[in-house]
Amino acid sequence: DFANRINQDIAVIATKAQQLNVRQCTVDYSDLSVKVSHDALMQFALIYAQLKVFGRVRNTYEAVDTSHFMAGRTEGLRPNSHEAIQLCKALLTNEANLDQLQQALAAHKQRVIACKKGQAFDRHLSGLKFMRQEEDNEPSVEAFFNSPGYKILTGGDFLSTSSMGSQYPVKRILFAPVMDGGFGVNYSLNDHEYEFVLFGDKDSSQYLDDMCQACIEAIQKIIKLAG
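Here is a short report on the structure shown in this document. None of these values were measured; they are calculated from a predicted model. (Residues numbered from 1 in each chain as written. Predicted model: local features only at pLDDT ≥ 70, side-chain atom pairs only at ≥ 80, totals over all residues. Heavy atoms only, no water.)

1. Quick look at the overall build of the protein
Alright, step 1. Secondary structure summary: the protein contains eight helices and six strands in total.
Alright, step 2. In sequence order, the protein lays out its α and β elements as α-β-α-β-β-α-α-α-α-α-β-β-β-α.
Alright, step 3. Projected onto the principal axes, the alpha-carbon positions of the protein cover approximately 60 × 45 × 35 Å.
Alright, step 4. Within the protein, the fraction of its 227 residues that count as buried is 39%.
Alright, step 5. By sequence separation, contacts in the protein at least 24 residues apart represent 64% of the contacts at least 6 residues apart.
Alright, step 6. As presented, the protein carries roughly 13100 Å² of accessible surface, and 53% of it is formed by carbon and sulfur atoms.
Alright, step 7. Counting 23 positive and 27 negative side-chain charges, the protein places the centres of these two groups 1 Å from one another. (Helix = DSSP H or I, 4+ residues; strand = E, 2+ residues; numbered from the N terminus. Buried < 20%, exposed > 50% of the residue type's maximum accessible area, 1.4 Å probe, protein only. Contact = heavy atoms within 4.5 Å. Areas by Shrake-Rupley, 256 points an atom, 1.4 Å probe, with all protein chains shown as cover. Lys, Arg positive; Asp, Glu negative; His and termini not counted. Charge placed at Lys NZ, Arg CZ, Asp CG, Glu CD.)

2. Re helix α4 (residues 98-116)
Alright, step 1. In this model α4 runs 27 Å from its N-terminal to its C-terminal C-alpha over 19 residues, within 8% of the 27 Å that 1.5 Å per residue would give.
Alright, step 2. Residues of α4 that are buried: L101, A104, L105, A107, H108 and C115. The buried residues of α4 occupy an angular sector of 160° when the element is viewed end-on, so they sit on one face. The outward face of α4, more than 90 degrees from its buried face, is lined by the exposed residues K109 and Q110.
Alright, step 3. Buried-residue contacts for α4 involve α2 (38-54), β2 (60-65), β3 (74-77), α3 (82-92) and α8 (208-226).
Alright, step 4. At the N-terminal boundary of α4, the capping side chain belongs to N97, with an oxygen 3.1 Å from the backbone nitrogen of D99.
Alright, step 5. Once α4 finishes, G118 follows within two positions and takes phi at roughly 75°, a positive value. (Expected span 1.5 Å × (residues − 1). Arc of directions from axis to C-beta. Polar contact = N/O pair within 3.5 Å; in protein donor to acceptor, adjacent residues only side chain to side chain.)

3. Regarding the layout of surface pockets
Empty space among the atoms becomes apparent when a probe as large as a water molecule is rolled across them.
Alright, step 1. Roughly 310 Å³ of internal volume is contained in the largest pocket.
Alright, step 2. Taken together, 15 residues line the largest pocket, and the ones lying closest to its centre are S37, D39, E62, H108 and V112.
Alright, step 3. Contributing elements (two or more residues each) for the lining of the largest pocket: β2 and α4.
Alright, step 4. For the lining of the largest pocket, the element with the highest residue contribution is α4, accounting for five residues.
Alright, step 5. Of the residues belonging to the lining of the largest pocket, the class tally is five nonpolar, four polar and six charged.
Alright, step 6. Considered as a void within the structure, the second largest pocket measures approximately 190 Å³ in volume.
Alright, step 7. Residue lining of the second largest pocket: I13, K16, A17, Q19, L20, A176, P177, M179, D180, D201, K202 and D203, and that is the complete set.
Alright, step 8. Looking at the lining of the second largest pocket, its residues break down into six nonpolar, one polar and five charged. (1 Å grid on protein atoms, 1.4 Å probe; cavity = no way out; pocket = protein on both sides within 12 Å on 5 of 7 lines; lining within 4 Å. Points joined across faces, edges and corners; volume = space filled by probe spheres on them. Nonpolar A, V, L, I, M, F, W, Y, C, P; charged D, E, K, R; others polar.)

4. Some points on the pattern of salt bridges
Alright, step 1. For the structure shown, the criterion picks out nine salt bridges.
Alright, step 2. Among the salt bridges present, the one from R78 reaches D122, with a minimum N-O distance of 2.7 Å. Separated by 44 residues along the polypeptide, R78 in the loop between β3 and α3 and D122 in helix α5 (residues 122-131) bring together distant segments of the chain. Neither R78 nor D122 differs from the other in exposure class; each is buried.
Alright, step 3. As a salt-bridge pair, R78 and D157 come within 2.6 Å of each other at their nearest N and O atoms. One end of the pair, R78, is in the loop between β3 and α3; the other, D157, is in the loop between α7 (148-153) and β4 (159-162), with 79 residues separating them in the sequence. Taken individually, R78 and D157 each receive the classification buried, so the pair is uniform in this respect.
Alright, step 4. What emerges from the salt-bridge pattern is a single network uniting R78, D122, R123 and D157. (Salt bridge = Lys/Arg side-chain N within 4 Å of Asp/Glu carboxyl O.)

5. Observations regarding α3
Alright, step 1. When we look at burial in α3, the residues that qualify are A84, I85, L87, C88, A90 and L91.
Alright, step 2. Among the structural elements, α2, α4 and α8 are those in contact with the buried residues of α3.
Alright, step 3. Once α3 finishes, N94 follows within two positions and takes phi at roughly 60°, a positive value.

6. Looking at the packing of aromatic side chains
Alright, step 1. Enumeration over the complete set of coordinates arrives at eight aromatic pairs.
Alright, step 2. Here the aromatic rings of Y29 and Y194 are separated by 4.4 Å at their centres, their planes lie at 15°, and the arrangement is stacked. Highlighted residues: Y29 in the loop between β1 (21-28) and α2 and Y194 in strand β6 (residues 193-200), separated in sequence by 165 residues.
Alright, step 3. The class of Y29 is buried, set by a relative accessible area of 10%.
Alright, step 4. You can call Y194 buried: its relative accessible area is 0%. (Phe/Tyr/Trp six-rings, centres within 6.5 Å; stacked < 30°, edge-to-face > 60°.)

The following block contains the structure:
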């Protein structure tokens, strides 16, 4: 009976997997002459791609390692800061300046530090929600978890992204989108190239080529801007 249930589950997953498509693209960053966070630049490229392909930015999840805490696993970093979005909007119109890039980098660094120190909000709020007792009908608690802001924040990750940095010892990680119409993204780098691997489902697959091309375009613009 147990084996039969496993086989049934595999069949369901296999059917879903047939609807997935993947694109891989690379872009040379060897002309980057200043020391910056590669992680941040690749996240900026994904914001730029959202803006160019869809005209707006939706929730992006970036995994941050917290294994230095007891029982620590990951924290959810939200890279779509106001500074990063303003930078990418300016990149689209070729009006970005170095100050905007530095502000976006600083905002991303602050969020990474908060995650590493256990001071981010994503896992904290999720934990509070799951710890809440079913019979807890405190109005303020219910009002918070049913508020429009909280629903937007937790309404699904359009881009679910993860990276282990350099392509050694693990070259790449492959995973599916976590919401209908979204993308699963693994980004990494070697000595001279950034790599983006994007997964799309039956709804988002039609945009995979455009997303990849936009990521390449964004990195090239940022490198030119950084000088």
